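So the chains spell out like this:
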Amino acid sequence: MSDDDNAYLGLAEAHEGDEAHWAFGTGFEDPLHGTDTALPPGVDGQALAARCLALGDDALVLAQRLAQWCTRAPELEEELALANIGLDLLGQTRLLYTRAGQADGSGRSEDDFAYLRDADAFRNVRLAELPNGDFAHCVARLLVLSTWRLAVFEGPTTAADPVLAAVAAKGIKELAYHRLYAAEWTVRLGDGTEESHRRMQQALDAVAPYLDELYAAEDVRGQVEAVLRQVADSAGLVLPGTAGLPGSGRDGEHTEHLAPLLAELQSVARANPGATW
Amino acid sequence: MTTAAAEPAAPPDPLQQHFDDTIARDHRVEPRDWMPEGYRRTLVRQIAQHAHSEIIGMQPEGDWITRAPSLRRKAILFAKVQDEAGHGLYLYSAAETLGADRADLTRRLIEGRQKYSSIFNYPADTFADVGVIGWFVDGAAICNQVPLCRSSYGPYARAMVRVCKEESFHQRQGYELLLTMMRGTEGQRAMVQNAVDRWWWPSLMMFGPPDGDSPNSAQSTAWKIKRHSNDELRQRFVDMTVPQAERLGVTLPDPELRWNEERGSHDFGTPDWTELQRVISGDGPRNAERVSRRRAAHEEGTWVREAAAAHAAKQAERREEAATSRSVACPR
């Protein structure tokens, strides 16, 4: 065992200031490569920052819920898929937060936004923050949020800022997969057994009251409803026409579930002021 | 049968002969090849244990994903734990090439009938543990597994190539976290030293009992499943880790640890083998919790797996019906 161990032996070397130097390749694509990060003329920096922050908050909070599934998924393939989706959303969060800090002129970092704000400053939609529930609830939430977010990213409203447009272009590919994953499971569970059908219907019933909040935040009701109806039909499920709950996470109005979620997320960062990670 | 004793020695079994030649020539045994039952059993046991270790090993670190103190560290850790699930998946697949069944192996794990690496029965108390696990535990895993890339069973050896590349990546990430923390606050440095103190001895135990006490080693070595003895690998690990600890600025908690000029290696103290026995036999700090978490996930997922199977069966039935009605509609 000589050559094979070079990766290990070289561990302490070639590190200083060279974080990209790993044992086996780097190969990370920079989604903002070649994108001009200067604020285009005529774009309201504060409004752009607020938009990036809201879309970033949706992604971070949902990624946190998906991370809570880790080691608890019904099958290893689902373990991998849910982590994959969580990682995609985390990646979107980081780019959006960084853009928010540039656009509002504050120069705040992704970690400032993630770790140093309290629940009332978060602007995510409330559906993202609800507790996980069973796997059917995981699938129903993912189906709705990925369909909605995909429609937003595909729409015209992300085009005004080149950075947001680049984030959306990357996100579209990811979200199309998230939506496919959720749609396939909705059909499997809707069609599978009596129990899975019952659970999947309950999960759709549970997310229904949060749909209006999504459409109020982003005007993509038509596209989203068409997709949801198609999936529900294929699954033999009913998309309930429940009235929406009043209030919106976009205005800082949250359920009681967000504060504990953030307390966990921020616990280590806040317990070690001045630390570098 | 009754006259066998009277006859001259039977000519060597050509299948056994072919297997022995394959091993002797350092060629790979592939799933389609004949192999002795003991070889198959040993491999299934080892690969299953390895797969279980990956899956159970997700738990101590996985619990820190939601609390990682920066988004970059969160993404790195999330991806690492996902990699472990992937390793588990392709190791179970390698076991299936030997006729084992993933569901059956999972049942054996959650019923406590098959083991996993003792190291994952220790708790990960602080975020520094994430770094130390990457450095020590993934490092020890690399020491153990790099030689397995040349293991005689083809699918296992090939799985190990990919696993080792990813483990190596994880180890670097762990070490880089520790370097960063050591450049941070006094509290962070103390956190790192504390984690090193807790993980050092259990990491040395990852190589298994001392050679004199390792009952399965001789046969595994003859079959070239295993390439180095437990003590050789342990020594190797110590020798590689000591300079890294110096570079990092931490102290390894072993007063007997010193360079031996004559041997060209480090002398080191003896791990507490009774502790290893205790942890292996199920009485470590987190054994019950690890297995019960895995069992709960499996049991809570039963209805999902049943639904997927039922849907697949219905789909197959529908396809068949459609095919039948087509052939009725257009008779040849």
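The rules behind these values
Residues numbered from 1 in each chain as written. Chains lettered and ligands numbered in written order. Predicted model: local features only at pLDDT ≥ 70, side-chain atom pairs only at ≥ 80, totals over all residues. Heavy atoms only, no water. pLDDT = per-residue confidence, 0-100. Contact = heavy atoms within 4.5 Å. Buried area = accessible area lost by both parts, 1.4 Å probe. Salt bridge = Lys/Arg side-chain N within 4 Å of Asp/Glu carboxyl O. Helix = DSSP H or I, 4+ residues; strand = E, 2+ residues; numbered from the N terminus. Expected span 1.5 Å × (residues − 1). Buried < 20%, exposed > 50% of the residue type's maximum accessible area, 1.4 Å probe, protein only. Phe/Tyr/Trp six-rings, centres within 6.5 Å; stacked < 30°, edge-to-face > 60°. Bend = angle between axes of the 7 residues up to and from the residue. Polar contact = N/O pair within 3.5 Å; in protein donor to acceptor, adjacent residues only side chain to side chain. Axes fitted to C-alpha atoms, helices over the stretch in contact; angles between N-to-C directions. Parallel < 35°, antiparallel > 145°, perpendicular 65-115°, else oblique. Left-handed = near helix turned anticlockwise from the far one by under 90°. Nonpolar A, V, L, I, M, F, W, Y, C, P; charged D, E, K, R; others polar.

### Some remarks on the confidence of the model for chain B
Per-chain confidence: chain B averages 93 in pLDDT, with 96% of residues scoring 70 or above. As scored by the predictor, the complex reaches a pTM of 0.92 and an ipTM of 0.91.

### Digging into the interface of chain B and chain A
By a frequent convention, interface size equals the accessible area lost on bringing the separate parts together. Facing the 70 residues of chain B at the interface are 71 residues of chain A. For chain B, the biggest contributors to the area lost against chain A are B:L71, B:R172 and B:W303; these three give 15% of the whole. Inspection of the chain B/chain A interface yields 3 salt bridges. We note a salt bridge from A:D191 to B:R318, for which the minimum N-O separation is 2.7 Å.

### Comments concerning helix α2 (residues 37–56) of chain B
Think of an α-helix as turning once every 3.6 residues; residues three or four places apart then point the same way. An ideal rise of 1.5 Å per residue puts 28 Å on 20 residues; α2(B) measures up with 28 Å between its terminal C-alpha atoms. Along α2(B), 14 of the 20 residues are buried, which leaves the element largely enclosed by surrounding structure.

### What about the packing of aromatic side chains?
Residue and element names in this part refer to chain B. For the coordinates displayed, the defined rule picks out 16 aromatic pairs over all chains. Taking the centre distance of 4.9 Å and the plane angle of 75° together, the rings of F19 and Y39 count as edge-to-face. Highlighted residues: F19 in helix α1 (residues 14–24) and Y39 in helix α2, separated in sequence by 20 residues. Measuring from ring centre to ring centre gives 5.6 Å for W135 and Y175, while their planes differ by 55°; the resulting arrangement is tilted. One end of the pair, W135, is in helix α6 (residues 127–145); the other, Y175, is in helix α7 (residues 154–182), with 40 residues separating them in the sequence.

### Quick look at α6(B)
Residue and element names in this part refer to chain B. For α6, with 19 residues, the first-to-last C-alpha span of 26 Å sits near the 27 Å given by 1.5 Å per residue. Where α6 bends most, the angle comes to about 35°, and this point is I133. Burial of α6 is extensive: 18 of the 19 residues sit out of reach of the surface. A distance of 3.1 Å separates the backbone nitrogen of A128 from a side-chain oxygen at the start of α6, and that oxygen is part of T126.

### Examining unusual backbone geometry
Look at A:T71: it is not a glycine, yet its phi comes out positive at around 75°. With respect to the element layout, A:T71 can be found in the loop between α2 (45–68) and α3 (76–103). Even without a glycine there, the phi angle at B:K224 is positive, about 60°. Counting through the fold element by element, B:K224 comes out in the loop between α9 (217–222) and α10 (230–248). Look at B:K224 and you get partly exposed, because its relative accessible area is 21%.

### Describing the packing of α2(B) against α7(B)
Residue and element names in this part refer to chain B. The interhelical angle for the contact between α2 and α7, taken along N-to-C directions, is 25°, at an axis separation of 13 Å. As judged from the angle between their axes, α2 and α7 are roughly parallel. For the pair α2 and α7, the crossing hand works out as left-handed. Contacts between α2 and α7 pair L43, Q46, I47, H50 and E54 from the former with Y156, M160, V163 and E167 from the latter. Grouping the amino acids of the contact of α2 with α7 by side-chain chemistry returns 5 nonpolar, 2 polar and 2 charged.

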